[in-house]
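Residue-level listing of the chains:
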2 protein chains.
Amino acid sequence: MTAAAGRLTGVGVGPGDPDLLTVRATRIIAVADVIAYHCARHGRSIARAAAAPYLRDGQAEEILRYPVTTEGTEHPGGYAAVMAEFYEEAAERLAAHLESGRDVVVLCEGDPAFYGSYQHLHTRLSGRFTASIVPGISSVSAAAAAAGVPLVQHDETLTILPGTLSGDELRARLAGTDAAAVLKLGRTFETVRSAVEDAGLLARARYVERAGTGAQRVEALADVDPATVPYMSLVLVPGHGRRGGLGERVHEASAPAWPGGQACGVTVVGLGPGDPAWLAA
Amino acid sequence: MTAAAGRLTGVGVGPGDPDLLTVRATRIIAVADVIAYHCARHGRSIARAAAAPYLRDGQAEEILRYPVTTEGTEHPGGYAAVMAEFYEEAAERLAAHLESGRDVVVLCEGDPAFYGSYQHLHTRLSGRFTASIVPGISSVSAAAAAAGVPLVQHDETLTILPGTLSGDELRARLAGTDAAAVLKLGRTFETVRSAVEDAGLLARARYVERAGTGAQRVEALADVDPATVPYMSLVLVPGHGRRGGLGERVHEASAPAWPGGQACGVTVVGLGPGDPAWLAA
């Protein structure tokens, strides 16, 4: 590591609305020398748009444009080799800035820890340079807020699943959890919806599109037209409010309806002598 | 709903550092008439401390103090009845403000959708008043950023578990997921650690205490002294970077080490003709 080298920071910018960046993210973006972000070959960067109000004149921008799209690739090593070369080349572009003493921010949609591309750069560069991560509002948090649903309560488990899994795996994992979020929809939508239905969860499943942006849409999953589903959408299956061991669920017939639609057993039942902090995590 | 009634907003304030509130959260806090927050009987409010820089003179504060602690209760209905009465009474205190046209913000540590107490108030009040939720940085996102680990990549599943589950259930769920976060430690710590070890995951499990605060601590789970573990801590088991169906994992012997310690197979392998956006969720 060079003494005068710049610092690398992966900054989660949340789901898209500039209001949903953290204060720390806005400050680090404002003082960076170089702003980098991933971009689809023919697309715009949602992360760049979310960060736009905090950028300054004179900042360099590095657009890390994905080399392949759904058309596939002619590369003899296939998709894997293309992407490996892409991340190597992107890391070297950022390394050149860092070696010259310039601080580099990589803008990441959502939270970098949740399926973020920044981790490919962090892994390649954090041994050579000071590198850190600023967490962001994940798409799951944004969607739950948009839907107004209590995603997990009490002793519930939450499973986060990519829609790219097989229908069989989705069905098995959905059937075995209290609450779930399924990301990466788009062309996986019909598989995901069938798996939710087969797991007996369609009635309480919510669909949230572009949560935390101006184009946000919230619907019952059962009502969604598959033809209208973009990649930036997810399915939420809120928990029921269980207390106790595996499979045991507590309901209250008189529980008020959560605006999301399903009734939630919100009264604390059967914890025994308890620490109220257990309710407030 | 009264025409001139105030608005209720549950605001996620993140893990504790004032820098980790969203811009939206800071704005809504600044203009609220009433600031409410939960508080343990003998404790301070982490949420209040995180929001402190954004409070204004003249704002009323409503402290919603949990009625019982680990000592238990003398109430004939037990803990459940005590907590139900508490939430009813808290909701009525906030309703009085809302009916008088005062906007009320309830400060929530982390993200309200993740085991948050605000949902008990939202459920009771959203039918009578305009109520909304501002998402926050969850403890899981903050901990992953602090540890510098890629929590989930590619087609991996993430399971979020409360440490209050039985050892058997923890072990089974940990063994069946790619990546995990176990919350609500403290006195559950030894059960959680044993379950992680029994599931064969101790070597890559990280312990993160008070992530996103000045008192943050990150350690290998194997090195943690159980006597030192507070409630505000969690265990992360990062994924390996799998691609493909259930149980199939892809590793790269030459993958650089992530600073968190474990080697991560970060090269994209075997997706076939793919949409690069699948890497950028």
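Residues numbered from 1 in each chain as written. Chains lettered and ligands numbered in written order. Predicted model: local features only at pLDDT ≥ 70, side-chain atom pairs only at ≥ 80, totals over all residues. Heavy atoms only, no water.

Enquirer: With reference to specific residues and values, describe the overall build of chain A.
Expert: For chain A, the helix and strand inventory stands at seven helices and 10 strands. Within chain A, the proportion of its 281 residues that are buried is 61%. For chain A, long-range pairs separated by at least 24 residues make up 69% of all intrachain contacts whose partners lie at least 6 apart in sequence. Surface summary for chain A: the accessible area is close to 9,900 Å², and the carbon and sulfur share equals 50%. (Helix = DSSP H or I, 4+ residues; strand = E, 2+ residues; numbered from the N terminus. Buried < 20%, exposed > 50% of the residue type's maximum accessible area, 1.4 Å probe, protein only. Contact = heavy atoms within 4.5 Å. Areas by Shrake-Rupley, 256 points an atom, 1.4 Å probe, with all protein chains shown as cover.)

Enquirer: For the pairing of strand β10 (residues 233-237) of chain A, give the residues involved together with the corresponding values.
Expert: Residues and elements named next belong to chain A. Within β10, five of the five residues are buried, which leaves the element mostly enclosed by the surrounding structure. Of the two faces of β10, the one carrying S233, V235 and V237 and the one carrying L234 and L236 are both buried. In the sheet, strand β7 (residues 179-183) pairs with β10 via three bridges, with the strands oriented antiparallel. Bridging from a neighbouring strand, V182 pairs with V235 of β10. By the bridge criterion, four bridges tie strand β8 (residues 206-209) to β10 in an arrangement that is antiparallel. Across the sheet, E209 pairs through a bridge with S233, a residue of β10. (Pairing = 2+ DSSP bridges.)

Enquirer: Can you break down the sheet that holds strand β6 (residues 158-162) of chain B residue by residue, with the values?
Expert: Backbone hydrogen bonds hold the strands of a sheet together, and the pairing may be parallel or antiparallel. Strand order in the open sheet made by the 10 strands is β9(A)-β8(A)-β10(A)-β7(A)-β6(A)-β6(B)-β7(B)-β10(B)-β8(B)-β9(B), with mixed pairing throughout. Unpaired on one side and paired on the other, β9 (217-220) of chain A together with β9 (217-220) of chain B mark the two borders of the sheet. Recorded for the sheet is a direction-independent mean angle of 15° between the axes of neighbouring strands. (Axes fitted to C-alpha atoms, helices over the stretch in contact; angles between N-to-C directions.)

Enquirer: Explain helix α1 (residues 23-31) of chain B to me, and be specific about the residues and the numbers.
Expert: Those residues of α1(B) not exposed but buried are V23(B), A25(B), T26(B) and I29(B). An end-on view of α1(B) places all buried positions within 165° of arc, on one side of the element. If you follow the buried residues of α1(B), they end up packed against α1 (23-31) of chain A together with β1 (8-12), β2 (34-39), α2 (46-51), β4 (104-108) and β5 (131-134) of chain B. (Arc of directions from axis to C-beta.)

Enquirer: Tell me what's going on with the side chain of H38(A), and back it up with residues and numbers.
Expert: Checked against the element boundaries, H38(A) lands in strand β2 (residues 34-39). Those residues in contact with H38(A) that lie beyond four places of it in its chain are S45(A), L64(A), Y66(A), F86(A), Y87(A), S117(A), Y118(A) and L121(A).

Enquirer: Let's hear about helix α7 (residues 189-198) of chain B: which residues, and what values?
Expert: Residue and element names in this part refer to chain B. Along α7, the residues classified as buried are F189, V192, A195 and V196. What you see down the axis of α7 is that its buried residues fit within an arc of 130°, all on one side. Against α6 (167-175), β7 (179-183), β8 (206-209) and β10 (233-237) lie the buried residues of α7. Taken from the residues just after α7, G200 is the one with a positive phi, measuring 80°.

Enquirer: I'd like a description of the pattern of salt bridges, backed by residues and values.
Expert: Residue and element names in this part refer to chain B. This model, assessed by the stated rule, comprises 32 salt bridges over all chains. One salt bridge in this structure joins R48 and E61, with 2.8 Å as the shortest N-O distance. Taken together, the positions of R48 in helix α2 and E61 in strand β3 (residues 60-65) put the pair 13 residues apart, joining distant regions of the chain. The exposure class assigned to R48 is partly exposed, which follows from its relative accessible area of 26%. R128 serves as the salt-bridge partner of E92, at 3.2 Å between the closest nitrogen and oxygen. (Salt bridge = Lys/Arg side-chain N within 4 Å of Asp/Glu carboxyl O.)

Enquirer: Explain the sheet that holds β2(A) to me, and be specific about the residues and the numbers.
Expert: Residues and elements named next belong to chain A. Pairing is parallel across the open sheet formed by five strands, whose spatial order is β3-β2-β4-β1-β5. In the strand order of this sheet, the two ends are held by β3 (60-65) and β5 (131-134), each with one partner. The sheet shows a mean angle of 20° between the axes of neighbouring strands, taken without regard to direction. Lying on the sheet, helix α3 (residues 78-99) is in contact with β1 (8-12), β2, β3 and β4 (104-108); it crosses β3 at an angle near 170°.

Enquirer: Tell me about the packing of helix α6 (residues 167-175) of chain A against helix α7 (residues 189-198) of chain A, and please be specific about residues and values.
Expert: Residue and element names in this part refer to chain A. Where α6 meets α7, the closest approach of the two axes is 8 Å, and the angle between their N-to-C directions is 40°. The orientation of α6 with respect to α7, classified from their angle, is oblique. Between α6 and α7 the crossing geometry is right-handed. Two secondary-structure elements touch here, α6 through G167, L170, R171 and L174 and α7 through T191, V192, A195, V196 and D198. Among the residues making up the contact of α6 with α7, the classes are represented as five nonpolar, two polar and two charged. (Parallel < 35°, antiparallel > 145°, perpendicular 65-115°, else oblique. Left-handed = near helix turned anticlockwise from the far one by under 90°. Nonpolar A, V, L, I, M, F, W, Y, C, P; charged D, E, K, R; others polar.)

Enquirer: Describe the confidence of the model for chain A, with residues and values.
Expert: Detailed conclusions should not be drawn from predicted coordinates in areas where pLDDT is low. Counting all residues, the mean pLDDT for chain A is 84, and 83% of those residues have values of 70 or more. The model gives residues 244-281 of chain A a pLDDT under 50, and that stretch makes 111 contacts with residues more than four places away or in other chains. (pLDDT = per-residue confidence, 0-100.)

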